[in-house]
Amino acid sequence: MLSGLLKLIGYLNPNVLIINNFLLLLLVFGPALLVTIVLVFNKFSNS
């Protein structure tokens, strides 16, 4: 039901659902990159 509602909203107003490619990459790879940085920092700070 939620998917159908979002498809209807996207069909009626396509400008709402346009996402910047940089923002999409940031949302996908940002958390993994943050976790990797924290793990590397902990490894180097312990030794």
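Details of the structure are given in the entry above.
These notes cover the structure that comes with them. Fair warning: this is a prediction, and the values are worked out from it, not measured in the lab.

From N to C terminus, the chain includes two helices and zero strands. Looking at the chain as a whole, 2% of its 47 residues are labelled buried. Element-wise, carbon and sulfur atoms account for 76% of the exposed surface of the chain, whose accessible area totals about 4700 Å².

The next thing to look at is a nonpolar patch on the surface. Together, Leu2, Leu5, Leu6, Leu8, Ile9, Tyr11 and Leu12 line one region of the surface with nonpolar side chains, adding up to about 770 Å² of accessible area. Relative to the helices and strands, Tyr11 resides in helix α1 (residues 2-12).

Rules and cut-offs
- Residues numbered from 1 in each chain as written.
- Predicted model: local features only at pLDDT ≥ 70, side-chain atom pairs only at ≥ 80, totals over all residues.
- Heavy atoms only, no water.
- Helix = DSSP H or I, 4+ residues; strand = E, 2+ residues; numbered from the N terminus.
- Buried < 20%, exposed > 50% of the residue type's maximum accessible area, 1.4 Å probe, protein only.
- Areas by Shrake-Rupley, 256 points an atom, 1.4 Å probe, with all protein chains shown as cover.
- Patch = residues over 30% accessible without salt bridge, like charges linked within 9 Å, V, L, I, M, F, W, Y side chains within 5 Å.
- Salt bridge = Lys/Arg side-chain N within 4 Å of Asp/Glu carboxyl O.

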